[in-house]
Amino acid sequence: MKFLITMNMPSAQGYLVHQVTIEHHAASCRQLCEMLNNDVFIMGRLFYRKKTPGMENVWQDRGDIILNTSHIGKVAEFVEFEKEYEEDESQGYTDNRRPYSHGTRPPIRPRGTGF
């Protein structure tokens, strides 16, 4: 089953959190929750979503990944929509077509500076 996991740790771009999409052998969110509560680390298969030149979404398998459960803030079953929906007030809004409710911020730590 595919899960969208929000990690409470800075992304490479400097955002406070980042998301990963993994495939895991858990049969449901409830079962994965039990595993997260019982284990310090979980292992899954990492997938990146990419767009082809024809604007079609394809999945790129990036291999196995081990996640520290103490950094996981939120988990949801990944659901891929068949088509893009028009924006309306029930779905929130975007500013200049960016999915942020505020302007972009500079990274917390500039890239390449280490810790």
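All of these numbers come straight from a predicted model, not from anything done at the bench. (Residues numbered from 1 in each chain as written. Predicted model: local features only at pLDDT ≥ 70, side-chain atom pairs only at ≥ 80, totals over all residues. Heavy atoms only, no water.)

A few points about the nonpolar core
Turning to step 1, where the next piece is worked out: Ranked by size, the top nonpolar core spans 14 residues in total, and within it Ile5, Val20, Ile22, Ile42 and Leu67 carry the most contacts.
Turning to step 2, where the next piece is worked out: Residue assignment for this core shows that the elements contributing at least two residues are strand S1 (2–7), strand S2 (18–23), helix H1 (29–38), strand S3 (41–51) and strand S4 (57–68).
Turning to step 3, where the next piece is worked out: Among residues more than four places away in sequence, those in contact with Val20 are Phe3, Leu4, Ile5, Met7, Leu46 and Leu67. (Core = buried A, V, L, I, M, F, W, Y, C linked by side-chain atoms within 4.5 Å. Buried < 20%, exposed > 50% of the residue type's maximum accessible area, 1.4 Å probe, protein only. Helix = DSSP H or I, 4+ residues; strand = E, 2+ residues; numbered from the N terminus. Contact = heavy atoms within 4.5 Å.)

Here we look at the side chain of Thr6
Turning to step 1, where the next piece is worked out: Along the polypeptide, Thr6 turns up in strand S1.
Turning to step 2, where the next piece is worked out: Owing to a relative accessible area of 10%, Thr6 belongs among the buried residues under this scheme.
Turning to step 3, where the next piece is worked out: Within the structure, Thr6 has its side chain in polar contact with the side chain of Gln19 (distance 3.3 Å).
Turning to step 4, where the next piece is worked out: The contacts of Thr6, once residues within four sequence positions are left out, are Val17, His18, Gln19, His71, Ile72, Gly73 and Lys74. (Polar contact = N/O pair within 3.5 Å; in protein donor to acceptor, adjacent residues only side chain to side chain.)

Describing H1
Residues spaced three or four apart along an α-helix face the same direction, because each turn holds 3.6 residues.
Turning to step 1, where the next piece is worked out: All of the buried residues in H1 are Leu32, Met35 and Leu36. The buried residues of H1 occupy one face: seen down the axis, they fall within an arc of 100°. Residues Arg30, Asn37 and Asn38 are exposed on H1 and point more than 90 degrees away from its buried face.
Turning to step 2, where the next piece is worked out: Among the structural elements, S1, S3 and strand S5 (72–77) are those in contact with the buried residues of H1. (Arc of directions from axis to C-beta.)

Observations concerning the pattern of salt bridges
Turning to step 1, where the next piece is worked out: Following the criterion strictly, the structure yields two salt bridges and no others.
Turning to step 2, where the next piece is worked out: The partner of Arg45 in a salt bridge is Asp61, and the shortest N-O contact between them spans 3.1 Å. Of this pair, Arg45 sits in strand S3 while Asp61 sits in strand S4, and the two are 16 residues apart along the sequence.
Turning to step 3, where the next piece is worked out: Ionic pairing is found between Asp64 and Arg45, a salt bridge with its closest N-O pair at 3.0 Å. On the criterion of sequence distance, the pair formed by Asp64 in strand S4 and Arg45 in strand S3 is long-range, its members being 19 residues apart.
Turning to step 4, where the next piece is worked out: Judged by its relative accessible area of 32%, Arg45 is partly exposed.
Turning to step 5, where the next piece is worked out: Through salt bridges with shared partners, one network takes in Arg45, Asp61 and Asp64. (Salt bridge = Lys/Arg side-chain N within 4 Å of Asp/Glu carboxyl O.)

Fair warning: the whole summary comes from geometry, so function is off the table for now.
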